[in-house]
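Architecture at a glance
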Amino acid sequence: MPKTHISTQINGDSYEFLCNTQQTLLDVLRQELDLKGSKEGCATGDCGACSVMMDDRLVCACLVLGAEADGKKIETVEGLSSGSSLDPLQQKFIDLAALQCGICTPGVLVAARALLEKNKSPSEEEVRFWLAGNLCRCTGYDKIVRAVLEVAAEARNA
Amino acid sequence: MNDMTQTNLERALKIVGSRPARPDGVDKVTGRALFGADKSLPNMLVGRVLRSPYAHAKIISIDTSKAEKLEGVKAIITSADFEDFPSEFVPNGEMVVNMKDITRNVMAREKVLYVGHTLAAVAATDEDVAEKALALIDVKYDVLPHVLEVEDAEKSDAPLLHDDMITIGVEPMPTSASNVAKRVEFGLGDVEKGFSEADLIVEREFTTQQVHQGYIEPHACLASVSEDGQAELWCTTQGPFVVRNFCSKLLGFNAAQIRVTASEIGGGFGGKTVVYLEPLALALSRKSCRPVKMEMNRAEVFTSSGPTSGAKIWVKIGVKNNGKITAGDCVLKYQAGAFQGAPVGPGAMCAFAPYDLKNVRAVGFDIVVNRPKVAAYRAPGGPISEYGVESVIDEIAMKIGMDPIDLRLKNAAKEGTVAPYGPKLGPIGMIETLEAAKSHPHYSAPLGANQARGVASGFWFNIGGETSSSITINEDGTVGLTLGTPDIGGSRASMAMMASEELGVPMELIKPIIGDTNSLGFNFLTGGSRATFSTGTTVVESTREAIEELKKRAALLWEVSLDQVEWVDGHARLISGNEPKTMSLAQIAKQAGKTGGPIMANCSMNVTGAGPSLGTHIVDVEVDEETGQVSIVRYTAIQDAGKAIHPAYVEGQMQGGAVQGIGWALNEEYIYNDKGELENTGFLDYRIPVCSDVPMIDTVIVEVPNPNHPYGVRGVGETPIIPPLAAISNAVSRATNKRFDELPLSPPKVLAKLMHG
Amino acid sequence: MDYVTPTTAMEASKALAQDGAFALAGGTDLLVKLKTKFVSPSVIVDIKQVPKIMSIENSTDGWWIGAAVPCAEISEHESLRQDWPGLVESLSLIGSTQIQGRATLGGNLCNASPAADSVPALIAAYGTCIISGQSGDREEPIENIVTSPGVTVLEKGEFILGFKLPKPESGTGDAYLRLIPRSEMDIAIVGAGTSVSVDKDKKITSIRVALGAIAPTQIILDGLEDLFIGKEPNENSINKLISIAESACRPIKDKRGTVEYRTKIAGVLAKRTLTIAYKRAINH
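Some details on the overall build of chain A
Looking only at helices and strands, one finds five helices and five strands in chain A. Whereas a compact globule of 158 residues would reach a radius of gyration of roughly 15 Å, chain A reaches 16 Å, a difference of no more than 12%. Counting only C-alpha atoms, chain A reaches 50 × 30 × 25 Å along its principal axes. Counting only contacts in chain A whose residues sit at least 6 apart along the sequence, the fraction spanning at least 24 positions is 53%. Of the accessible surface of chain A, which amounts to about 5,400 Å², a share of 45% is contributed by carbon and sulfur atoms. If the 16 positive side-chain charges of chain A are averaged to one point and the 22 negative ones to another, these points end up 4 Å apart.

Written as structure tokens, this is what we have:
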């Protein structure tokens, strides 16, 4: 079976890879590129653990073909921090205990960052509906929502 | 231990009770943390599982010859690769397991007993080849009638899952087989006499549906068995030692041959306490002499792991007009799934346990049906039985015109109460949580249109068990902790905090890790709300032993007797003499080589004395009477933690448990078709709460210390899933003036009740 | 399985005419079917590079929405939201934020689910679609596309290029509501899309109510003109609307809802969408 040659940009770096048509972007990230921060909770777009940005749109990497990434700009959880400094969301999640097991955390962080890029002062309701596609079974969402709201407020006051 | 507890409680705590960053926080927010599916090895194969398409069938034959010939297939296993066992029950947390059943659940032997039951597994060079090989395995079945519900399974003409199953606990012993594995009974006093004294008796039947833990990380593992039979297993589990023991028994390894390393675990809630893929991956690796990685997909998690029971229950409570309960009685019939072991025992034990009752009885039946074998799920059995009891209590409160918290206060269990399951209770926080609920602003806040408020309480025992951990003092004064209970929700933080508190060194200098099965003595699993209690106890004990050793070393260096040295704030201090003389932990550690070598300590014990945790929840719901939709408007969870080591993670347990309970109450359920196939095998139709379904979950931590833990810890993980079921049902009942007795309260069911009563 | 990215409508049609070819737009349905082995295409035709298929245009003739524009992008279109708020609300309900980043109107229609959220709203807005094929383009009303669950009128080599919506005359309002068990992430148990136009006396001049998930395909309620045209809605006409909606239902019982429930909710949502659409119309 011929593989497709793909050139893409991930977290600011150029990548090339070969993929089978049926491989999803999530398969490629995890299996071919060893970027294991994006998690597979369902592979059907229902849990959000594989949330990534593709050309500035929040998507589930499990619902994108690897081949579709050609010429695209992909951002994953591995690209949230820069050098040794964490994204304020990452730091706030640690400070407020907004994670327990941590499996949903990469996807939640990518999704929350996307929200704050689009909406500087989201309401609690807006945060909750924006994150409705990111399932978390441990936290009951309370501390996640608080962390996102606090980071938004601190960014506004900065 | 009581004396030490006194010392601790009198001392001002510096670290315990604060909210430091968790040691694994950065790894978890950057995607660096490695979970079950995140590890690979060179030359690795992919393992896939052939699963039963039938709910109940005799296996006539399994022919793997065609699949074996497929290029890229390296190993195929069936039940022939597993040991068989006689029937023998062994405890596993709050659950009991039987090796005869476990080997049959891991790999079907004579029969398949549910859709999704494992029949064979393949290891191949890639997933495609493995899938093709599965399709080439030829299985001949004799399809049998199946049974899914307890009320059908207990009928005398029901299809029999196991033709040698004779009900245990019935006198005289039945002479013929049935699907009822056992009957249990707990109680006190004379129930009939109690009812005869009642002014009001309310009895009601309830139905709950099978629900799944719904951890976001599917089961996954990576096994590597070398040519000389040495095995390495990486897996997502709540108990690597338990996995080692199950796998070594199932496959005929000895314990030392298998080293199990627990990955980071993406949620478990009891569901990752038994083995599914792990023995298959080991067997495939042993056969192929190559590493084998296996992952369940989401559908497999739903069909083939271990959800908890659906149930039919009956509850009867008698009460005086003043609210004093005179008698309580209940019958619980729990689905076990394909093999016996429903959590009906603990369900019966805790059904009435929040209350001080003189006449009480709880009878439970463990009934096999053609569904996956149930596993533990957060307070296994408790949410179901207590849902029934707490619903009837609420109905009584309405009927006698009493506030539901006052009614509970009137009957609350307290220190000295004889629990319905036998023992006399130590200090417990039922009254304290009820009083905190009553005085919480939520309880007196105004309600909007179509809204109502419900309350319910919950009781859970918590457990201790075999535990082993160690502490090392490094030569630069930093500290290593090796723990044997996987960290699901921040336990590395709480262990490091307790060690930090004892040692008097900053938490940042303490590095806690989860050790593999060769690094410590046996550890029972993370479950039963035991990690902070049990592992915490061993951490405190071993830290105190290390402190004794540090004092000894200081005494040597000062050339004084040990009794001249005390330990204060991370320093040895000379007690006698005019000028204060101190030596820091780092200074002592630096000279360890000169004073007797490395400093380390460990503690291995069977921890006892777990303290029950009581909780009371308040919920406001709004019911759309045209559509039957129920929304959660406001929620407050109140719980006795004994002592909250890291309050943020205690709150997290309360919030997470409450929302799992909300899911159970509102929308979660296994839906089967008439062929016995599960219809909702994904998160689209198995509807766990999403972020927009719930409000903030307000919490109040009550602290009635457990005298059997150095800091008073009770364990908090399980109790919070218990109250939501009844609290929500009670609120919906009050909002609509109809008494609801069936879960989930999904819109179609609520509207049907509103339309037809 | 091959993967091709045609850059013209004709190339796309030719690729789609091959045996076992499947069109890929947002992939939110197709990739799930691939993963669950529900389909095994010989070739996946990614149609997103076809001209006009990714554009939204507003002209005097009305609106053009390319079939492969992600819903998230459509919802960000403020003037479209002003003209057809109900339609934009309907497509904003499809799946999660992540799904919105990929899901498309073309896909939602061609997946041919009776429960598709955007379809009742598109029908209520008198939408049409342009079907591209090897013999050129043709225009069809939305309600003619789906013939039964999973089946459309599209022939081999055909695909939807985009949607046309009229520019709403003044005094027009639309609304879409669905019933799901949770607040998000579910498939509609019932969906209802309604549009009404009113004259300056607030009397209804046109009305259309389309229901989803209560029959094998979306249906348009009959007999509403006599009830509503030339009048303001009143308790009597709304009660009749409810019974018309209920009696139009031919639902199935499945894991998402019973026949009785779906029937009851169809009436409730018809009433509620009419109320919203009418309010929007008199303020338009």
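Further notes follow.
What about the overall build of chain C?
When you go through chain C residue by residue, the secondary structure sums to 11 helices and 14 strands. In terms of overall size, chain C behaves like a compact globule, its C-alpha atoms giving a radius of gyration of 19 Å where 284 residues would be expected to give roughly 19 Å. Across its three principal directions, the C-alpha atoms of chain C cover 60 × 45 × 35 Å. With 284 residues in all, chain C has 57% of them scored as buried. Partitioning the contacts of chain C with sequence separation of at least 6, the portion at a separation of at least 24 is 61%. Looking at chain C, you have 30 positive and 33 negative side-chain charges, and the mean spots of the two groups are 6 Å apart.

Focus: empty space enclosed by the protein
All names here are of chain B. Evaluated as defined, the whole model comprises eight cavities of 30 Å³ or more. Here the largest cavity is characterised by a volume of approximately 840 Å³. Along the walls of the largest cavity sit 50 residues, with Ile 488, Thr 526, Gly 527, Gly 528 and Ser 529 positioned nearest its centre. Elements supplying a minimum of two residues to the lining of the largest cavity: strand 5 (95-98), helix 4 (99-106), helix 16 (491-503), helix 17 (531-558) and helix 20 (647-666). Counting residues domain by domain, the lining of the largest cavity receives three or more from each of domain 1 (14-33 + 464-607) and domain 2 (425-462 + 611-756).

Quick notes on the sheet that holds strand 11 (residues 220-225) of chain B
All names here are of chain B. Strand order in the open sheet formed by seven strands is 3-7-1-14-11-12-13, and the pairing between neighbours is mixed. Among the strands making up the open sheet, the edge pair consists of strand 3 (73-77) and strand 13 (258-262). In this sheet, adjacent strand axes meet at a mean angle of 20° when their direction is disregarded. As paired strands, strand 11 and strand 14 (residues 292-295) are joined by four bridges and run antiparallel to one another. Bridge assignment links Ala 220 to a residue of strand 14, and that residue is Glu 295. The strands touched by helix 5 (residues 127-136) are strand 1 (45-51), strand 3 and strand 7 (118-124); relative to strand 1, the strand with the most contacts, the crossing angle is about 30°.

Points about the interface of chain A and chain C
Interface extent is often summarised as the accessible area lost during association of the parts. Contact residues are listed per partner, giving 30 residues for chain A and 27 residues for chain C. Summing both partners gives a buried area of about 2,300 Å² for chain A against chain C, and 62% of it is carried by carbon and sulfur. Summed over the shared surface of chain A and chain C, the result is five salt bridges. One salt bridge connects Arg102(C) with Glu68(A), and the closest N-O pair in it is separated by 2.7 Å. Joining chain A to chain C, the criterion identifies nine residue pairs in polar contact (both at pLDDT 80 or more).

Considering the side chain of Glu390(B)
Residue and element names in this part refer to chain B. Tracing the sequence through the fold places Glu 390 in helix 12 (residues 382-400). Classification of Glu 390 by relative accessible area gives buried; the value is 1%. Of note is the side chain of Glu 390, whose polar atom sits 2.8 Å from the side chain of Arg 408. Polar side-chain contacts of Glu 390 include one of 2.8 Å to the backbone nitrogen of Ser 457. Beyond its immediate sequence surroundings of up to four residues, Glu 390 is in contact with Tyr 355, Arg 408, Ala 456, Ser 457, Ala 726 and Asn 730.

Thresholds applied
Residues numbered from 1 in each chain as written. Chains lettered and ligands numbered in written order. Predicted model: local features only at pLDDT ≥ 70, side-chain atom pairs only at ≥ 80, totals over all residues. Heavy atoms only, no water. Helix = DSSP H or I, 4+ residues; strand = E, 2+ residues; numbered from the N terminus. Rg over C-alpha atoms; globule rule 2.2 N^0.38 Å. Contact = heavy atoms within 4.5 Å. Areas by Shrake-Rupley, 256 points an atom, 1.4 Å probe, with all protein chains shown as cover. Lys, Arg positive; Asp, Glu negative; His and termini not counted. Charge placed at Lys NZ, Arg CZ, Asp CG, Glu CD. Buried < 20%, exposed > 50% of the residue type's maximum accessible area, 1.4 Å probe, protein only. 1 Å grid on protein atoms, 1.4 Å probe; cavity = no way out; pocket = protein on both sides within 12 Å on 5 of 7 lines; lining within 4 Å. Points joined across faces, edges and corners; volume = space filled by probe spheres on them. Domains from an automatic or database assignment. Pairing = 2+ DSSP bridges. Axes fitted to C-alpha atoms, helices over the stretch in contact; angles between N-to-C directions. Buried area = accessible area lost by both parts, 1.4 Å probe. Salt bridge = Lys/Arg side-chain N within 4 Å of Asp/Glu carboxyl O. Polar contact = N/O pair within 3.5 Å; in protein donor to acceptor, adjacent residues only side chain to side chain.

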